[in-house]
Amino acid sequence: MTARGYALRIALMAALLLIMCPLPAWGAKAAAKGAIPSTKRERKEAFVSGNDGTTFTEVSAIVAIVPLGAAARRALDVARGIRMNAKGETITGSGAKVTSAAHGIVADFVFLVVPAVAAMMSPEVGMPAAAGILSLVLHVGFRSIAKRDDWSFPDGVSSTFGDESKPHAPRPYLAAYRAAMTLATAIAILAIDFHAFPRRLGKTRHHGIGLMDVGSGSFVLANALVSREARGVPPTKECHFGVEPYCLGYNLVVALHNTLPLLICGTVRAVMVYAFDYQQPVEEYGVYWNFFFTLAAVCAAGQLVKIPPKFSALAGALVLAAHQHFLTNRGIGEFIRGDTRGDDWHLLNKEGAFSLPGYYALYLMGVGVGNLLERSVLALHDARTSSEGDKASKAKHGKAGDKWAWQWLMRLGILAGWFWGAALACHSYVEPVSRQSANAAYVLWMMAFNVQTLCAFVLGALLFPSAFGRTAKLLDVCNRRLLVVFLVANASTGIVNVSTDTMEMTDVEAWVAVFVHMAATCAAAVAVDSLLASLKGKVKAE
């Protein structure tokens, strides 16, 4: 049996397991903690906090719906004969051009966002139903592939690895992963405020595994994977705030320039929280801290402390070991979990401040893995061209029988398995997962979870390489406008919570609110992307 045949059967078996496997702890209930709240803000804070969490299996299964939807979206195009030609144009089986970008974005929304909402809002019913429908579409795509032999990449169409011959080139599989994780986060930040969203999937307090615990770590890791250090891009030599590259403190100015938008967003959010009396459980990041400040601090540390990318993962492991040592042996962990707070700034925001070493370790390990992925893609191209430099080798490019691409995916899967083993060992024998302190188990879980998700996106692209050259249009737009997606999603969440009492809404109203929220978020990203593209075109024309 060919590699393609094995891959198709593995994909179908995985989909069936996703539908039929019993996931443990699905009936877990959140324990009530503290006094009975009186104000609306206190009731909402009690509603979204203090969760006991769920299991690694359930979180992975829910998020797996997103790459499964991406693969089904590609399968749909294959079944309809829609593909990318050598000029980068989307064409039908008869060769006619497909010019409706809106049609593609609506289909992307149906296959990527709708199943993710169903999986999060109703894991017991919505997730198996979504997995079953998407698996059926996959099956149709597989049958369409078997009926024709023109499903490889034509010359000139980029693979999921991008231009393998050029360093620093855009990598479509990373773009799809980043955009999908951002969309999933946008869904969860509003869904958590409704009774329709299972409480066990919310953020855990001290220790535990929650779906919403994934968001912060995934954002840090996603930034690390595409950072200049990971991709091997030379340091910038531009003038920032009037400071030339040869001046003393230039690195500090560059760090300030790169983190200034995050600092502004964090400050605005902190002010708005208190201006509108918005709910913010202090055990998440502290009294005044929020995740924007965590991202800014980690980004600044990455800019100021220059570590060669090849040694970044080792440096991250050392930082993580030291961080875990102080958490378990120096009383830092007990201090973070304690209810007492001082009047000093770092004591008021102890959760955010003392979790920074863990997030910085995650960033360093992400830079190391990102650099490894970049170098392995370049090695993939070298291996392909050096072993068979003739036309027969080029004909294999993009096919499921491309042994080099499948070997690359296998190595990535082994790396994910290694991280899973390390995460489970730390969770069982060192300290259970704690997002609050960003301990070793949490950092390694984030590495395993996100590398596993990357594997799923690459697998879908390799199974249906001719569907479109890069990635889904909606994911491509959201990847270019990540900040827009994140800001609009946060603003929409705030508007809904301030204007309505989400805890009194029915399940149907909650579903409608989340769908409208996501439609508005995606529409904003598409609108901003189109506007900027048109402005750029006018500038070039002039």
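What counts, and where the lines are drawn
Residues numbered from 1 in each chain as written. Predicted model: local features only at pLDDT ≥ 70, side-chain atom pairs only at ≥ 80, totals over all residues. Heavy atoms only, no water. Patch = residues over 30% accessible without salt bridge, like charges linked within 9 Å, V, L, I, M, F, W, Y side chains within 5 Å. Areas by Shrake-Rupley, 256 points an atom, 1.4 Å probe, with all protein chains shown as cover. Salt bridge = Lys/Arg side-chain N within 4 Å of Asp/Glu carboxyl O. Helix = DSSP H or I, 4+ residues; strand = E, 2+ residues; numbered from the N terminus. Buried < 20%, exposed > 50% of the residue type's maximum accessible area, 1.4 Å probe, protein only. Expected span 1.5 Å × (residues − 1). Core = buried A, V, L, I, M, F, W, Y, C linked by side-chain atoms within 4.5 Å. Contact = heavy atoms within 4.5 Å. Axes fitted to C-alpha atoms, helices over the stretch in contact; angles between N-to-C directions. Parallel < 35°, antiparallel > 145°, perpendicular 65-115°, else oblique. Left-handed = near helix turned anticlockwise from the far one by under 90°. Nonpolar A, V, L, I, M, F, W, Y, C, P; charged D, E, K, R; others polar.

1. Observations regarding a nonpolar patch on the surface
Together, L256, L260, L263, I264, V268 and M272 line one region of the surface with nonpolar side chains, adding up to about 470 Å² of accessible area. With respect to the secondary-structure elements, M272 resides in helix α9 (residues 250-275). Among the residues examined, M272 registers a relative accessible area of 40% and is labelled partly exposed.

2. What about helix α6 (residues 172-191)?
Taking 1.5 Å per residue as the helical rise, α6 with its 20 residues ought to reach 28 Å, and the 29 Å between its terminal C-alpha atoms agrees with that figure. Within α6, 20 of the 20 residues are buried, leaving the element largely enclosed by the surrounding structure.

3. Some remarks on the nonpolar core
Soluble globular proteins tend to pack their nonpolar side chains together in the buried interior. Ranked by internal contacts, the top residues of the largest apolar core, which has 128 residues, are V113, L183, F197, F419, W445 and L475. For this core, the leading source of residues is helix α19 (residues 440-463), giving 17 residues. Not counting residues up to four positions away in its chain, the partners in contact with L183 are V113, L474, L475, C478, V485, M518 and C522.

4. Quick word on the packing of helix α7 (residues 214-225) against α19
Two numbers describe how α7 lies on α19: the axes approach to 10 Å, and their chain directions differ by 65 degrees. Considering their axes alone, α7 and α19 lie roughly perpendicular with respect to each other. In terms of crossing hand, the pair formed by α7 and α19 is right-handed. Contacts between α7 and α19 involve V214, S216, G217, S218, L221 and L225 from the former and Y442, W445, M446, M447, F449, N450 and L454 from the latter. Looking at side-chain class alone, the contact of α7 with α19 contains nine nonpolar, four polar and no charged residues.

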